[in-house]
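Chain by chain, the residues run as shown.
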Amino acid sequence: MTITTRPTPTLLTSVQRTTTRRLGAAVLAVLLTLAVSGCGVGMGSAKSIGDGDTITVGVIPVADYASIYLAVEEGYFAEEGLNVETKVMQSASAIAPSVINGQLQFGTTATPPLVIAYEKGLPLQIVANAASNAPTADTDPTAIVVGSGSPIQRPRDLEGKTVAINALGAITQIGTAAAVRADGGDPSTVEYVVMSLPDGIAAVESGRVDAASTAEPFQGPVVAAGGRIISHPLFETFPPDATFAVAFTAKPFAEANPDVVDAFVRAVDQANEKAAADPEAVRKVLTKYGKLAPSVAETMLLPQYSTQVDPEAVQTTANLMTDLGFLPAPVDTKGLMRP
């Protein structure tokens, strides 16, 4: 498994703060423009996969994407004739360009970065569900956390404060903005610090940022050290069982390799069924592939695993992003769905 170098944290200045919601789209658009320069958009992904060829999947190291690891561990990919390897990456803004240019054949992400990319005209396509929203706050593995001794008690207290997120335009930022607004605050006053999820937790514990918007397994250490969860932004924003994390590919790749995509989806769906029925299997693969300490894996909250991609939930996400200013205009997300 290849692990990417952690990016240097980026603090948005007070001048940038007023346009933060637009920056997520701009940053991702620049990355994707670089990825496709010199060829038709996405055509670098349109290579045919032969028997035994390696298929590489970019995986963000959180429990939402455990089904990818399970499909490897349980042999579901192998049963479908696929030779799959995983590559750990920190955000969709790193994964999406690699899918577009063919370095990765599939990627994982929460839905907001895909919506941003789709609005910019990038040919990406959701192929399988990864995780759906929790039915209760107590079972939500996403959270906004603060350190021990923090005076912050609720989302609106984040006005004028710094919050660590793993990427601009990521669901960590969307969820934070939604939570602040729902609590009567002004989300445009929040400053965001871009860093990897593990680094965000370390920054909270050291006091370098006021809060972190994160997901399991990274919120546990803050709580164990005396910190607090002040919000479960996804549970508070989206209905139970709504799709928020998916596996995706480039449309040119899917058109060139329909049988490969079908096989990939069958394997991931089988893994999601396994994950839903056997949480201990999930904890084992997170220890093995995600390099979690067994004590962390044993106690962390797990997301809802489902085989069903919910198109209405994806559209609801896009509508929220428009309302919050992350998108310049309403987006119809039907084209993100696999036919």
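Residues numbered from 1 in each chain as written. Predicted model: local features only at pLDDT ≥ 70, side-chain atom pairs only at ≥ 80, totals over all residues. Heavy atoms only, no water.

Novice: How would you sum up the side chain of Ser-132? Please name residues and give values.
Specialist: If you trace the backbone, Ser-132 turns up in strand 6 (residues 124-132). You can call Ser-132 buried: its relative accessible area is 2%. For Ser-132, the side chain forms a polar contact with the side chain of Asn-129, separated by 3.2 Å. Not counting residues within four places of it along the chain, the set of residues in contact with Ser-132 comprises Asp-241, Ala-242, Thr-243, Phe-244, Gln-304 and Ser-306. (Helix = DSSP H or I, 4+ residues; strand = E, 2+ residues; numbered from the N terminus. Buried < 20%, exposed > 50% of the residue type's maximum accessible area, 1.4 Å probe, protein only. Polar contact = N/O pair within 3.5 Å; in protein donor to acceptor, adjacent residues only side chain to side chain. Contact = heavy atoms within 4.5 Å.)

Novice: Could you give me a rundown of the nonpolar core, with the residues and numbers involved?
Specialist: In this structure, Leu-158, Phe-264 and Leu-286 are the most contacted members of the largest nonpolar core, which totals 110 residues. In terms of residue count, the dominant contributor to this core is helix 12 (residues 258-277) (9 residues). Counting contributing residues per domain, this core is built from domain 1 (55-135 + 240-336) and domain 2 (138-237), each supplying no fewer than three. (Core = buried A, V, L, I, M, F, W, Y, C linked by side-chain atoms within 4.5 Å. Domains from an automatic or database assignment.)

Novice: Account for the pattern of salt bridges, with residues named and values stated.
Specialist: What the rule picks out here adds up to 9 salt bridges. Residue Glu-73 is joined to Lys-288 by a salt bridge in which the shortest nitrogen-to-oxygen separation is 2.9 Å. Placement of Glu-73 in helix 3 (residues 66-73) and of Lys-288 in helix 13 (residues 279-288) is noted, with a sequence separation of 215 residues between them. When the shortest N-O distance is used, the salt bridge between Glu-80 and Arg-266 registers 2.9 Å. With a gap of 186 residues between them, Glu-80 in the loop between helix 4 (76-79) and strand 4 (83-88) and Arg-266 in helix 12 connect regions that are remote in the sequence. With relative accessibility at 45%, the residue Arg-266 sits in the partly exposed group. (Salt bridge = Lys/Arg side-chain N within 4 Å of Asp/Glu carboxyl O.)

Novice: Lay out the packing of helix 3 against helix 13 with the relevant residues and their values.
Specialist: Look at helix 3 against helix 13: their axes get within 9 Å of each other, and the N-to-C directions meet at 90°. Judged on the interaxial angle alone, helix 13 and helix 3 are roughly perpendicular. Of the residues in helix 13, those touching helix 3 at Ala-66, Tyr-69, Leu-70 and Glu-73 are Ala-281, Val-282, Val-285, Leu-286 and Lys-288. In terms of residue class, the contact of helix 3 with helix 13 is made up of 7 nonpolar, no polar and 2 charged. (Axes fitted to C-alpha atoms, helices over the stretch in contact; angles between N-to-C directions. Parallel < 35°, antiparallel > 145°, perpendicular 65-115°, else oblique. Nonpolar A, V, L, I, M, F, W, Y, C, P; charged D, E, K, R; others polar.)

Novice: Can you break down the packing of helix 7 (residues 171-182) against helix 15 (residues 311-324) residue by residue, with the values?
Specialist: For the pair helix 7 and helix 15, the least separation of the axes is 11 Å and the interaxial angle reads 65°. Taken as axis vectors, helix 7 and helix 15 run roughly perpendicular relative to one another. Once helix 7 is placed against helix 15, the crossing between them reads as left-handed. Contacts between helix 7 and helix 15 involve Ile-174, Ala-177, Ala-178 and Arg-181 from the former and Leu-320, Met-321, Asp-323 and Leu-324 from the latter. Residue composition of the contact of helix 7 with helix 15, grouped by class: 6 nonpolar, no polar and 2 charged. (Left-handed = near helix turned anticlockwise from the far one by under 90°.)

Novice: Explain helix 7 residue by residue, including any values.
Specialist: For helix 7, which comprises 12 residues, the first-to-last C-alpha distance of 16 Å matches the rise-based estimate of 16 Å (1.5 Å per residue) to within 8%. In terms of burial, helix 7 is largely enclosed, as 10 of its 12 residues are buried. When we look at burial in helix 7, the residues that qualify are Ile-171, Thr-172, Gln-173, Ile-174, Gly-175, Thr-176, Ala-177, Ala-178, Ala-179 and Val-180. Gly-184 sits one or two positions beyond helix 7 and adopts a positive phi of about 90°. (Expected span 1.5 Å × (residues − 1).)

Novice: Lay out the pairing of strand 6 with the relevant residues and their values.
Specialist: Buried residues dominate strand 6, accounting for 9 of its 9 residues. Bridging between strand 6 and strand 12 (residues 243-250) involves 7 bridges; their strand directions are antiparallel. Within strand 12, the residue paired with Ala-131 across the bridge is Ala-245. (Pairing = 2+ DSSP bridges.)

Novice: Before we move on, could you go through helix 8 (residues 197-206) and cite the residues and values that matter?
Specialist: The set of residues buried in helix 8 consists of Leu-197, Asp-199, Gly-200, Ile-201, Ala-203 and Val-204. Where helix 8 is buried, its residues contact strand 7 (142-146), strand 8 (162-165), strand 10 (211-215) and helix 9 (220-224). Positioned one or two residues after helix 8, Gly-207 has a phi angle of 85°, which is positive.

Novice: Describe the confidence of the model for the chain, naming the residues involved and giving the relevant values.
Specialist: Of all residues in the chain, 88% attain a pLDDT of 70 or more, and the chain-wide mean is 86. Confidence drops under pLDDT 50 across residues 1-32; counting only partners more than four residues distant or on other chains, this segment forms 70 contacts. (pLDDT = per-residue confidence, 0-100.)

Novice: Please set out the environment of Ala-128 residue by residue, giving values where relevant.
Specialist: Topologically, Ala-128 is positioned in strand 6. Between the C-alpha atom of Ala-128 and that of Gln-308, which follows or precedes it by 180 residues, the distance is 7.6 Å. Setting aside residues no more than four positions away along its own chain, Ala-128 makes contact with Val-246, Ala-247, Val-268 and Val-309.

Novice: Lay out the packing of aromatic side chains in plain terms, naming residues and giving numbers.
Specialist: One pass over the full model with this rule turns up 4 aromatic pairs. Taking 5.4 Å as the distance between ring centres and 20° as the angle between the ring planes, the aromatic pair formed by Phe-77 and Phe-264 counts as stacked. Here the residue Phe-77 occupies a position in helix 4, and Phe-264 occupies one in helix 12, the gap between them amounting to 187 residues. The same class applies to Phe-77 and to Phe-264, which are both buried. Measuring from ring centre to ring centre gives 5.6 Å for Phe-106 and Phe-253, while their planes differ by 80°; the resulting arrangement is edge-to-face. Here the residue Phe-106 occupies a position in strand 5 (residues 106-110), and Phe-253 occupies one in helix 11 (residues 251-256), the gap between them amounting to 147 residues. The exposure classification of Phe-106 matches that of Phe-253, with both residues buried. Here the aromatic cluster, defined as three or more aromatic residues joined through ring pairs, consists of Phe-77, Phe-106, Phe-253 and Phe-264. (Phe/Tyr/Trp six-rings, centres within 6.5 Å; stacked < 30°, edge-to-face > 60°.)

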